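# Overview (structure and organization)
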Amino acid sequence: MTERRADLEIFDSPALLAEAVADAFVDCARSAVENRGAFFVALAGGTTPKAAYALLAAPPRRDAVDWQRTHVFFGDERCVAPSSGQSNFRMASEALLDAVRVPRDHVYRMHGEDEPQFAADAYAAVLRSRLGSAPVFDLLLLGMGPDGHTASLFPGTDPLTDNDRLVRAPYVEKLQQYRLTVTPLVLNHAREIVIAAEGDAKAAALKAVLEGPRNPVEHPIAIVAPESGHVRWMVDRRAAALLQQPRSTG
Ligand code: 6PG
């Protein structure tokens, strides 16, 4: 078993999981602004984070975040227009960003509508200009697919491929789609990483990643092992169903 630095928290329901993710966001935001004057966060896409984003878009959590000092990035994006129903930017805008007073120039969208490699290079330039050559997010939100992918690092490709880049534009065969994704270089420099996973479909991958041999090619989320940052796995009881000795956090 690889030594884990991760904390694992199991919640009795998706609603309790969403509250915990939203509270982690608020806590990270408060700490970052208090200690460094700004909060740099990278949002996850997919469906799991939507409930947490909705909680952050409403009182009391909305009013507990200093949105004027918050800078919002994305961990990955589908290569689609921002108006597409597949767009992570659109999902996050509808669930959160349109409801809070984050300055428009503090929201850094991956341009999924552009040629993929051009868009990846452009986003890497945005990261470097705002965060320097070794970007450090105060909070990086991630999800996990049933196949153990995270962001848009999918099985079959060594996540460490071309790891000198900050952003990659892989063609994902099984989705027949190009994606944009930050690389492990960015993932593993974050101060706090929250991985949220819920549902029966995630149980096998979660067991393999947390209790099996470490294999980032098979389960790319296994590449998440920050040198100095902290990883928090936040899952619901269904996703944790196959784990040994699950402990409930309530
Ligand atoms: C995306 C996400 C992706 C997501 C997982 C889990 O663009 O889809 O970045 O990595 O986190 O696929 O997705 P669900 O939350 O929808 O299960």
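Residues numbered from 1 in each chain as written. Predicted model: local features only at pLDDT ≥ 70, side-chain atom pairs only at ≥ 80, totals over all residues. Heavy atoms only, no water.

## Overview of the site of the ligand
For the record, the criterion: Nearness is judged by heavy atoms alone; a residue qualifies as near a molecule or strand once a single heavy atom is within 4 Å of it. Polar contact is defined as a pair of N or O atoms within 3.5 Å, subject to the rule that within protein one atom must be able to donate a hydrogen and the other to accept it, and that residues adjacent in sequence are counted only when both atoms are side-chain atoms. Surface accessibility follows the Shrake-Rupley procedure with a 1.4 Å probe radius. Residue values consider only the protein chains on display as shielding. All amino acids are sorted into three groups, where Ala, Val, Leu, Ile, Met, Phe, Trp, Tyr, Cys and Pro are nonpolar, Asp, Glu, Lys and Arg are charged, and the leftover types, Gly among them, are polar.
Neighbouring the ligand are 15 residues, the closest being T48, D76, H149, A151 and K202. The side chain of T48 places a nitrogen or oxygen atom 2.6 Å from an oxygen atom of the ligand. Relative to its unbound accessible area of 410 Å², the ligand is 88% covered by the protein chains. Split into classes, the residues belonging to the shell around the ligand amount to 2 nonpolar, 9 polar and 4 charged.

## Section: the packing of aromatic side chains
Quick reminder of the rule: Geometry of aromatic contacts follows a simple scheme: Phe, Tyr and Trp rings, the Trp one being its six-membered ring, pair when their centres are within 6.5 Å, and the pair is stacked under 30 degrees between planes, edge-to-face over 60, tilted otherwise. Each helix is a run of DSSP H or I of at least 4 residues and each strand a run of E of at least 2, with the numbering of both proceeding from the N terminus. Here's how the labels work: a residue is buried when its accessible area is under 20% of the maximum for its type, exposed when over 50%, partly exposed in between, all with a 1.4 Å probe on protein chains only. Any Lys NZ or Arg CZ found within 6 Å of a ring centre and within 35 degrees of that ring's normal is scored as a charge over the ring.
If you walk through the whole model with that rule in mind, you get 8 aromatic pairs. Aromatic pair F73 and Y123: ring centres 6.5 Å apart, planes at 80°, arrangement edge-to-face. Of this pair, F73 sits in strand β3 (residues 70-74) while Y123 sits in helix α4 (residues 116-131); the two residues are 50 residues apart in sequence, bridging distant segments of the chain. Residues F73 and Y123 agree in their burial class; the two are buried. Feature note: the residues F40, F73, Y108, Y123 and F137 constitute an aromatic cluster, connected by ring pairs. Of note, R109 hangs over the ring of F89, and the distance from its end group to the ring centre comes to 5.7 Å.

## Describing α4
What counts here: Multiplying 1.5 Å by the residue count of a helix minus one yields the expected span of that helix. Picture the helix axis, draw a direction to every C-beta atom, and the arc is the one those directions span. It only takes one pair of heavy atoms within 4.5 Å for two residues to be counted as in contact.
In this model, α4 (16 residues) spans 22 Å end to end at C-alpha, consistent with the 22 Å of a helix rising 1.5 Å per residue. Taken residue by residue, α4 has P116, A119, A120, Y123, A124, L127 and L131 as its buried positions. Angular distribution of buried residues about the axis of α4 spans 140°; they occupy a single face of the element. Of the exposed residues in α4, the ones pointing more than 90 degrees away from its buried face are F118 and S129. In this structure, the buried residues of α4 make contact with β2 (39-43), β3, β6 (167-168), β8 (177-182) and α5 (184-187). Structurally, the start of α4 carries an N-cap: the backbone nitrogen of Q117 is 3.2 Å from a side-chain oxygen of E115. Of the residues one or two after α4, G132 is the one with positive phi, at around 90°.

## Structural notes on unusual backbone geometry
Cis geometry marks the peptide bond from P59 to P60, where omega comes out at 0°. Among the secondary structure elements, P60 is positioned in the loop between α2 (50-56) and β3. The backbone phi angle of A151 is positive, close to 50°, even though this residue is not glycine. Secondary-structure assignment places A151 in the loop between β5 (139-142) and β6.

Interpretation note: all reported values are geometric properties and have no functional meaning in isolation.
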